[in-house]
Amino acid sequence: MHCAAMAAPHPETWIRITPEGLYCEPGDFHIDPARPVPRAIISHGHSDHARPDHGAVLATPETLAIMTARLGEGRAGLQQQSIAYHQPLMQNGVRVTLVPAGHVLGSAQVVMEWQGSRLVVSGDYKREPDPTCLPFEPIPCDVFVTEATFALPVFRHPPIGHEIARLLDSVALFPDRAHLVGCYALGKCQRVIAALREAGFDRPLYLHGAQASMCRLYERFGVALGELRPVPRPAKRGETVLPGQIVLAPPSAESNPWARRLADPVTAVASGWMRVRQRAKARGVELPLVISDHADWDDLLATCAEVDAPEVWVTHGREEALIHALDGRGVRGRALHLVGREEDEGGDPEPAADTAEGEEAA
Ligand SMILES: [Zn+2]
Ligand SMILES: [Zn+2]
């Protein structure tokens, strides 16, 4: 008698899209839900993934610390449970493991296994080296859920060292001007600092208040950033500060009255969107730096091939282009159309909340 092996259930039967986002039915939890839910697993600390007011929150220790720092003790989950990378945890029969995503400190892919089928929610991720977080690990799976922020062939990110060299060239060329680098407070800022240090820049770096607290948190988790200082106020009205120095501030801080204290600043922005010249021009960015914490087109395709999933669910951005390209490679693509505004680069152009935060603090 021939006995067929029991087929594993297709992930579509146990992971559903609800108004709150992805929901694991047997495990009874959501992943990165857009609204408060009883039980959430959070991939990383950017505000479009880590929302306030969930009941129980499961995440890496780093992500929980980031959530608590940004949302406050009371709103970062009534009950927090930290789970280290690679330590599986059973949730009502579903095996959950967090694996590094290479996006920002603490960022994780959520690996879920149930009755022989495996689904991986990558959150946001990148494949480029980043000394401020652990590298992305490809996990073979039945369904891979990928972001698609930069899922167009035009988006190819140069190596970060190339962009940092352009910044340092400009600093050398304009010793009388400050360099104001716009970058997101969580992840991008620390990565730019680490890349400057790797390039041998060992002078103090100056931080807008919004960047300072997150840098301190990174340092608490062992990421060395060198000497960081707050931006001083000019001694006298009409005077300016920090000629020849590098200042990191939230994107669009250059249009803030705050920036008037800086000596004739060269405005730079570190973002994958700076690849689009018109966008940099429209924003009046003098020195666009193509630095992204998201996978570019080539890395999205390479990653989907590496995890070898017959099916890829696409969210966060240019879903159609990626699905079309996957189709040509024999992979079934599905657009998730999840709701939720992006905080980091996905949410181009302006992260208004971050700009206001800590305006004059520290
Ligand atoms: Zn993110
Ligand atoms: Zn995101």
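Under the annotation held in an unreviewed UniProt entry, the protein carries the name Ligase-associated DNA damage response exonuclease and is attributed to Teichococcus globiformis.

K.L.:
Teacher, can you tell me more about the domain arrangement of the protein here?
P.N.:
Put simply, an interface is often sized by how much accessible area is lost when its parts join up. With domains assigned, the protein is organised as domain 1 (11-154 + 293-343) and domain 2 (160-289). Across the boundary between the two partners, domain 1 contributes 22 residues, which contact 18 residues of domain 2. Both faces considered, domain 1 and domain 2 share a buried interface measuring about 1,700 Å² in area, 66% of it formed by carbon and sulfur atoms. A per-residue breakdown of the area domain 1 buries against domain 2 is headed by Leu105, Thr132 and Asp293, which together make up 29% of the total. Linking domain 1 with domain 2 are three salt bridges, by the criterion used here. Notably, a salt bridge pairs Asp293 with Arg191, separated by 2.9 Å at the nearest N-O pair. Here domain 1 and domain 2 share six residue pairs in polar contact (both at pLDDT 80 or more) between them. Residue classes in the side of domain 1 that touches domain 2 are distributed as 10 nonpolar, four polar and eight charged.

K.L.:
I keep staring at the sheet that holds strand E10 (residues 117-121) and nothing clicks. Help me out?
P.N.:
Strand pairing in a sheet is mediated by backbone hydrogen bonds. Such pairs are either parallel or antiparallel. If you walk across this open sheet you meet the seven strands as E7-E8-E9-E10-E11-E18-E19, and the pairing is mixed. Each edge of the open sheet carries a strand with a single partner, namely strand E7 (89-91) and strand E19 (332-335). Recorded for the sheet is a direction-independent mean angle of 25° between the axes of neighbouring strands. Relative to the sheet, helix H6 (residues 297-307) contacts strand E11 (143-148) and strand E18 (311-317), its axis offset from that of E11 by approximately 170°. Lying on the sheet, helix H7 (residues 319-327) is in contact with E11, E18 and E19; it crosses E18 at an angle near 160°.

K.L.:
Help me understand the packing of H6 against H7 in this model?
P.N.:
The packing of two helices is summarised by the inter-axis angle and the distance between the axes. Taken N-terminus to C-terminus, the directions of H6 and H7 make an angle of 45°; their axes are 11 Å apart at the nearest point. The orientation of H6 with respect to H7, classified from their angle, is oblique. In this structure, the crossing between H6 and H7 has a hand that is right-handed. In this structure, H6 contributes Trp297, Leu300, Leu301 and Cys304 to the contact, and H7 contributes Ala321, Leu322, Ala325 and Leu326. Along the lines of polarity and charge, the residues of the contact of H6 with H7 split into eight nonpolar, no polar and no charged.

About the thresholds
Residues numbered from 1 in each chain as written. Chains lettered and ligands numbered in written order. Predicted model: local features only at pLDDT ≥ 70, side-chain atom pairs only at ≥ 80, totals over all residues. Heavy atoms only, no water. Domains from an automatic or database assignment. Contact = heavy atoms within 4.5 Å. Buried area = accessible area lost by both parts, 1.4 Å probe. Salt bridge = Lys/Arg side-chain N within 4 Å of Asp/Glu carboxyl O. Polar contact = N/O pair within 3.5 Å; in protein donor to acceptor, adjacent residues only side chain to side chain. Nonpolar A, V, L, I, M, F, W, Y, C, P; charged D, E, K, R; others polar. Pairing = 2+ DSSP bridges. Helix = DSSP H or I, 4+ residues; strand = E, 2+ residues; numbered from the N terminus. Axes fitted to C-alpha atoms, helices over the stretch in contact; angles between N-to-C directions. Parallel < 35°, antiparallel > 145°, perpendicular 65-115°, else oblique. Left-handed = near helix turned anticlockwise from the far one by under 90°.

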